[in-house]
Structure formats: C-alpha cells, structure tokens
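Chain residues, written in single-letter form:
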Amino acid sequence: MTPDPAATAPVPPRTPGDDADWWRQAVVYQVYPRSFADSDGDGLGDLRGVTSRIPHLRSLGVDAVWLSPFYPSALADGGYDVDDYRAVDPRLGTLEDFDAMAAALHAAGIRLIVDIVPNHSSNRHAWFREALAAPPGSPARDRYLFRDGGGPDGSLPPSDWQSVFGGPAWTRVTEPDGTPGQWYLHLFAAEQPDLNWDNPEVRQDFLTTLRFWADRGVDGFRVDVAHALAKDLTEPLPSAAEIADAAHGTHPLWDRDEVHAIYTEWREVLDSYTPPRTAVAEAWVHASRRARYAVPGGLGQAFNFDLLQADWDAKQFRTVVTDNLALAAESGASSTWVLSNHDVVRHATRYGLPPGGGRHGQGQDGVDWLLTGGTSPVLDAELGLRRARAATLLMLALPGSAYLYQGEELGLHEVADIPADRRQDPTFFRSGGTEVGRDGCRVPLPWTADGPSFGFGDGPAHLPQPAWFAALAADVQERDPHATLTLYREALAWRRRLQGPEELEWVEGSGEGVLHLRRPGGWQSVTNFGPEPADLPPGILAVASGPLEDGRLPADTTAWLV
Ligand code: NOJ
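Everything quoted here is computed from the prediction, not taken from an experiment.

Thoughts on the sheet that holds strand β5 (residues 170-174)
Pairing is antiparallel across the open sheet formed by 3 strands, whose spatial order is β4-β6-β5. Of all the strands in the sheet, just β4 (146-147) and β5 have a single pairing partner and so form its edges. Both β5 and strand β6 (residues 180-185) contribute to a ladder of 4 bridges, which runs antiparallel. Within the sheet, the bridge partner assigned to Thr171 lies in β6 and is Tyr184.

Examining unusual backbone geometry
A cis amide bond links Glu235 with the next residue in sequence, Pro236, at an omega value of 0°. Mapped onto the elements, Pro236 comes out in the loop between β7 (220-223) and α6 (240-243). Residue Pro531 is bonded to the preceding Gly530 through a cis peptide linkage, with omega at 5°. Here Pro531 is to be found in the loop between β13 (523-528) and β14 (541-544). Positive phi values are uncommon outside glycine, yet Leu75 reaches one of about 60°.

Examining the pairing of strand β10 (residues 401-405)
With respect to burial, β10 is a largely interior element, 5 of its 5 residues being buried. Neither face of β10 is exposed, since Ser401, Tyr403 and Tyr405 on one face and Ala402 and Leu404 on the opposite face are all buried. In the sheet, strand β1 (residues 27-31) pairs with β10 via 4 bridges, with the strands oriented parallel. Considered in β10, the bridge of Tyr29 is made with Leu404. Relative to β10, strand β9 (residues 336-338) runs parallel, the two sharing 3 bridges. Its bridge partner lying in β10, Thr336 is registered against Ser401.

Regarding helix α3 (residues 95-107)
Compared with the 18 Å implied by 1.5 Å per residue over 13 residues, the 18 Å span of α3 between its first and last C-alpha is a close match. Buried residues of α3: Asp97, Phe98, Met101, Ala102 and Leu105, and no others. The arc enclosing the buried residues of α3, seen along the axis, measures out at 135°, which places them on a common side. Exposed residues lying more than 90 degrees from the buried face of α3 are Glu96 and Ala107. Looking at the buried side of α3, the elements it contacts are α1 (47-52), α2 (54-60), β2 (64-67), β3 (111-116) and α5 (200-215). Phi turns positive one or two residues past the end of α3, at Gly109, with a value near 80°.

With respect to the sheet that holds strand β15 (residues 557-561)
As a general point, the strands of a sheet are linked pairwise by backbone hydrogen bonds and lie either parallel or antiparallel. If you walk across this open sheet you meet the 5 strands as β11-β12-β13-β15-β14, and the pairing is antiparallel. Here the strands that pair on one side only, and so sit at the sheet edges, are β11 (505-506) and β14. Pairing analysis gives 5 bridges linking β13 to β15, with the strands arranged antiparallel. In the sheet register, Thr527 faces β15, and the bridge partner there is Thr558. Sitting on the sheet, helix α10 (residues 314-331) touches β11 and β12 (514-519), and the angle it makes with β12 is about 30°. Those strands touched by helix α13 (residues 381-396) are β12, β13, β14 and β15, and its axis lies near 35° from that of β15.

Some points on the packing of aromatic side chains
By the definition in use, this model includes 32 aromatic pairs. Relative to Phe146, the ring of Phe128 has its centre 6.0 Å away and its plane inclined at 15°; by these criteria the two rings are stacked. Of this pair, Phe128 sits in helix α4 (residues 126-133) while Phe146 sits in strand β4, and the two are 18 residues apart along the sequence. Taking relative accessible area as the criterion, Phe128 reaches 2% and is therefore assigned buried. Given the relative accessible area of 7%, Phe146 is considered buried. Both rings, one in Phe212 and one in Trp213, keep their centres 4.8 Å apart while their planes meet at 85°; by these two values the pair is edge-to-face.

Considerations on the nonpolar core
Judged by nonpolar contacts, the single largest core of 132 residues is most densely connected at Phe70, Phe98, Leu112, Tyr263, Trp266, Phe317 and Trp560. Contact partners of Phe317, with chain neighbours within four places excluded, come to Leu307, Ala310, Asp311, Trp312, Tyr351, Ala391, Leu394, Leu515 and Phe529. Counting residues in each nonpolar core, the second largest holds 16 residues, with Trp183, Leu187, Leu233 and Leu253 among its members.

Digging into the pattern of salt bridges
Evaluated as defined, the whole model comprises 36 salt bridges. With its nearest N and O atoms 2.6 Å apart, the salt bridge here joins Asp257 to Arg289. Remark: Arg289 occurs in helix α8 (residues 287-294) and Asp257 occurs in the loop between α6 and α7 (259-270); sequence separation between them is 32 residues. A salt bridge links Arg442 to Asp343; the shortest N-O distance between them is 3.1 Å. Of the two residues, Arg442 is situated in the loop between α14 (426-430) and α15 (474-477) and Asp343 in the loop between β9 and α11 (347-350); the sequence distance between them amounts to 99 residues.

Quick look at the site of the ligand
Not every one of the 14 residues close to the ligand is listed here, only the nearest: Asp77, His120, Asp224, His342 and Asp343. Between the ligand and Arg222 there is a distance of 3.0 Å, counted from an oxygen atom to a side-chain nitrogen or oxygen. Taking Asp343, its side chain carries an N or O atom lying 2.5 Å from an oxygen atom of the ligand. Protein burial of the ligand: of its 300 Å² of free accessible surface, 97% is covered by the chains. A per-class count over the shell around the ligand returns 4 nonpolar, 3 polar and 7 charged.

Calculation notes
Residues numbered from 1 in each chain as written. Predicted model: local features only at pLDDT ≥ 70, side-chain atom pairs only at ≥ 80, totals over all residues. Heavy atoms only, no water. Pairing = 2+ DSSP bridges. Helix = DSSP H or I, 4+ residues; strand = E, 2+ residues; numbered from the N terminus. Buried < 20%, exposed > 50% of the residue type's maximum accessible area, 1.4 Å probe, protein only. Expected span 1.5 Å × (residues − 1). Arc of directions from axis to C-beta. Contact = heavy atoms within 4.5 Å. Axes fitted to C-alpha atoms, helices over the stretch in contact; angles between N-to-C directions. Phe/Tyr/Trp six-rings, centres within 6.5 Å; stacked < 30°, edge-to-face > 60°. Core = buried A, V, L, I, M, F, W, Y, C linked by side-chain atoms within 4.5 Å. Salt bridge = Lys/Arg side-chain N within 4 Å of Asp/Glu carboxyl O. Near = heavy atom within 4 Å. Polar contact = N/O pair within 3.5 Å; in protein donor to acceptor, adjacent residues only side chain to side chain. Areas by Shrake-Rupley, 256 points an atom, 1.4 Å probe, with all protein chains shown as cover. Nonpolar A, V, L, I, M, F, W, Y, C, P; charged D, E, K, R; others polar.

Written out as structure tokens, the structure reads:
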C-alpha cells in the first residue's frame, strides 16, 4: 500500500458562511495567545503575532481558532483573571488588532472562538475595586460573594473550603477604614474573586459582553468553568467534609441545576445572530450531567475530557468513544474530543510515561513526573510521540469536533525543567510547590530552529524554551515528509475530504488491542495499541501515523483506509 498523492494536494480554504452547523465536526485549534507568536519582541505573544501565523493555520487546515483569554490581566492565572471583559490587554494589542486578526482569519476560511470567563473576574476589575471601597452589605459588594468571618472577631474564614489551586477559598479584605473586614469567595486564586450570579447586574453585563464580541464577528465562545456560576451560599455554610459526597446537582458550588437558567438567557442572545454563535462548556462534571450543558437551548456543546484521562489502552478508548457518542446523541450536540490543552501535560509526554505514573482526574497524569523535574520515571519520548500521533489520528477519525492545542502539531513534549523562579502558574505558588502546575505546556512555540526565541519573537520568551525545541521547530518540519506537522496536515486534508454524517460503526475481529472503526463513505480507521503488528483490512491507505511493516500495522500506530 502506498500513500495516495492526493493527500498532499492543497485544499482550497472555505470562506466562513452562514452554515449554522459548522461547529459540529470542526477542527478547532487552541491558541494560547501569550505563547503563540510575539510580533513586537517583548517576550509575550500578541494578536499581531496570531495574524502573522495565519498561513500556518491555513496550511494545517483547521476550521476554527479558539483564542484563550487576551483581555487586560495581571496574569495571576495566565489571563483567566480578567480586568475588563470588553478590551484587549495592551501588551497583546488593541481592539483594532483584534478586528484585523478576526478579518484575516475569516478571509482564510477560519472561524474564531473566544474564551469567556464568567465565574470570576480579576481583583483588578473595576467592580471588585468598587466592592473593596464600599461597605459590607452594599450593592457593590453584592456583585461578588462577600461574607462575614467566623469566630468572635470574624477572623476565621466563613467555611473550610479549599480553592482548586490549593489554599483557602476565602480571603479576608481590609475595610476602607483600615480594619480587618469581610471575606470573599474565590474558587481559584485569591486574585480571581467569584462573581455573584444571583445579581441581575452581573447577568446583564455578561449578555452585553457576549454581544460585544459577537458584534465584532466572533463565531463562538468557550465558557470557562461553566459549571460553577450558580451557587447556594445559604448559611450556615456546610463544611468541606459535609459536601464531599453531595448528590449530583446539590453541591453548593459545582454543577447546580440553576446554572442552566443562565445559559438559556445566553442562548437567546447567541441565537439572535446569523449564523447563531456557538458556545462550548468547560464543565468538569459527571458524564451523566454533561448533556445538560450541551443541549441546543443551552450552550450547545460541552467538552468531554475523557480521552485525555484515558490510558493508552484499546478498551478504555473504545468505552470513551462509545459512551460519548451516546451522550452526544442524548443532548443533540456533536461530541467533542480533546487530547491536550493548556491545563494538562501534553499527550506526547503522558503516553511516554508508565501507566499509573500520575494521578487520574482532571487530566492529572504526568503531574508526579513533573515534580521530579521530568527525571523520574524516565520518559520514553519516542514512544510517547508515536502513541500521540496514533491517538491524534484516531481522534480525528471520530464523529464530532476535535480540539487541538497549539504545538501538538509539532509533536511537542511537556517542558519539565522550568526553574522555580521562572514559574508562573498559581498552582505552583498556592500549593507551596507540592504541585508544579501547567507552565510546561505553555512554553512559547518554536517556529524556527534559530533566533533568540526560536522564531517566537525577536526577544527572549516569557517562559524559558529548552534547546530541544530547535529540532521540532515548524520550519524544520516543513522540509520533512515524516514530520508530525506533515502528518497533521495530511490528516486534516483527508478528514475534510472524507467527512460525512456523524456516524461510527465498530468493526469487530481485528484482534485484542486493535480498534477498527468505519465511517460513512468507506472511511476506515485502524489503531493498534500493541504490542504485536496487526493485519490491515482491505482498502487503500490514505494516511498513517507511522510507517507500516510489510503492509502490517505496527504497535502504537493508526492508519486510515479509504
Ligand atoms: C479553566 C481554565 O482552563 C484554566 O486555565 C483556569 O486556570 C481555570 N479555569 C480558572 O479560570
């Protein structure tokens, strides 16, 4: 079997039109803007940098870009601490730069999804500064979740709840008269005060924000911590132990049923545009609760992070795919698929570590390895990348939308040896270093083998890049037919050509450890999770994640047949 030369033929871009269903099987590429491309050499990626790299995105063949936060921010949490929801961080550019970027993406046939962070603002947001200057019980404080402390002098936090990043979820403020005062809730860093979604002004303001970006031509929204907005802080507040096993929908902080009333309002706004603006929920909820976020009258789609939490194991992958297709059918949305994002250890690295080498849950695999500076257990980088390429090709064959994270098309590994004094993730600081955090997947991209920051910009990068980035630079891979970049391009070109109805049929009998699936129109994908080479079914080879061996599919390899 020889690869079909048609796979490398250029694919003409599609101009975004009015197709209301464009998102259902889109390939969405996540740009973490501060680490993508730096146009002015200040070490921080920016919007003009994104615009300058549109040829890369176009030749890759993605349908949409999801832009992580680019709003003004002190970067206490990589931009997820937003000072102003309707502005651009001056270090990243201006609103005019945003408009130019959106127009250039659209001209290249690429849609634009922006991140929206409604659970919390930053502590520098005008509302929070107003709240600090206002007395307890004031309307300004009511936009957030202020409470009196416990104990005779209010010096104890209102409850023993812990923040997601470690440490207490409450921080005490100093009142305008200089005395120690109330406490405010922050599920994440102290610089990220939680908003009060029972307050009508908060609700109204986010509708204004949705319209602000939709009016500028944004095609959709990725909704941060979508499952936390509705809260029940009725006193007395329960202890952490009392709510540890709360039944679905009854936890005071997470995944409450009332949250969906908010998204019903959002959907009305999103549907007032042509085509309707899309939204995808980042909701770390039980699988049985996911459909509620994904229904057409709600956000319309929800992430499932099940693939990125699965081991490299045929059974686990098959269960995840089968279950999520069923869940998608339940909601009416298409399924989402994710192997990497800005919050987890890159999948090339996860698959190169022994199974069980990390903690499960919220993509925690690899975090223990990070704690050792990437020395123990020993990473099998070559194996990890081989499996990552196979996993990606399998993911791209699934019905639904696939989310790619910047740099995975270069086969980047996690950077494990960032010195403590260069780390930025609040997880590192709030956990007292017992967790390293997510900086290792956020290191600025290598575009060229040379240059002060491998072509990221004209100056040094805001996070240190390792020397091994040179060999993986985009310009090096340009010239290599076996490069991961080449594989991604070929796979996306084939996917676009082969894409049909959102249906999948498992083909049995390929042997244990082999997943063989068929899509309408004769598209087949076969993945060999190992360890022995497997026979391929009849068909013409379109693309494979690695070389075949005497016409057979080696371990840790995926092939598409047509
Ligand atoms: C989820 C985002 O993906 C993550 O990066 C961020 O730290 C938290 N939400 C808090 O906004």
